[in-house]
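These are the residues of each chain, in order.
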Amino acid sequence: MERTEMFNKVAEIASDVLGIDIDEITEQTTFDDLDADSLDRLQLVTAIEDEFDIEMDEERLLTIASVSDALDAIEAAQ
């Protein structure tokens, strides 16, 4: 799957989970920019893992601070 396609899916997930406009999300957007608390981040990761049929290890989860980081983690887990 191409990174652009992955980005679109992650942006859609973030929009659904956080209740924000998908147009506010870029690859450089951080989860702090989106006012995502720890519970929101857990819901995002769970939804991403389900969508891409992957499992991210705990060490990798701690490094995810932005949409770009999430895409890198997805690529590494596939």
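What you see is a predicted model, and the numbers here were worked out from it, not measured in a lab.

Caption draft 1: Broad picture of helix α4 (residues 67-77). Within α4 the residues assigned to the buried category are V67, S68, A70, L71, A73 and I74. On its buried side, α4 packs onto α1 (3-18), α2 (38-52) and α3 (58-61).

Caption draft 2: Spotlight on the packing of α1 against α4. At a closest axis distance of 10 Å, the pairing of α1 and α4 adopts a crossing angle of 120 degrees. What the angle tells us is that α1 and α4 run oblique. Handedness of the crossing formed by α1 with α4: right-handed. Between α1 and α4, the residues in contact are R3, M6, F7 and V10 and V67, S68, L71, D72, I74 and E75, respectively. Counted by class, the contact of α1 with α4 contains six nonpolar, one polar and three charged residues.

Caption draft 3: Representation of the packing of α1 against α2 in the model. Between α1 and α2, the least distance of the axes is 10 Å, while the angle of their chain directions is 140 degrees. Accordingly, the angle class assigned to the pair α1 and α2 is oblique. Crossing of α1 over α2 shows right-handed handedness. Along the contact surface, α1 presents M6, K9, V10, I13, A14, V17 and L18, while α2 presents D40, Q43, L44, A47, I48, E51 and F52.

Caption draft 4: Here's a closer look at the pattern of salt bridges. Under the defined criterion, the tally for this structure stands at five salt bridges. Residue E51 is joined to K9 by a salt bridge in which the shortest nitrogen-to-oxygen separation is 3.1 Å. Separated by 42 residues along the polypeptide, E51 in helix α2 and K9 in helix α1 bring together distant segments of the chain. Judged by relative accessible area, which is 27%, K9 ranks as partly exposed.

Caption draft 5: Representation of the side chain of T29 within the structure. Mapped onto the fold, T29 is located in the loop between α1 and α2. On the basis of relative accessible area, T29 is assigned to the buried category, the value being 6%. Among the polar contacts made by the side chain of T29, one reaches the main-chain amide nitrogen of T26 at a distance of 2.8 Å. Discounting residues that sit within four places of it in the chain, T29 has contacts with E24, L34, S66 and V67.

Criteria and thresholds
Residues numbered from 1 in each chain as written. Predicted model: local features only at pLDDT ≥ 70, side-chain atom pairs only at ≥ 80, totals over all residues. Heavy atoms only, no water. Buried < 20%, exposed > 50% of the residue type's maximum accessible area, 1.4 Å probe, protein only. Helix = DSSP H or I, 4+ residues; strand = E, 2+ residues; numbered from the N terminus. Contact = heavy atoms within 4.5 Å. Axes fitted to C-alpha atoms, helices over the stretch in contact; angles between N-to-C directions. Parallel < 35°, antiparallel > 145°, perpendicular 65-115°, else oblique. Left-handed = near helix turned anticlockwise from the far one by under 90°. Nonpolar A, V, L, I, M, F, W, Y, C, P; charged D, E, K, R; others polar. Salt bridge = Lys/Arg side-chain N within 4 Å of Asp/Glu carboxyl O. Polar contact = N/O pair within 3.5 Å; in protein donor to acceptor, adjacent residues only side chain to side chain.

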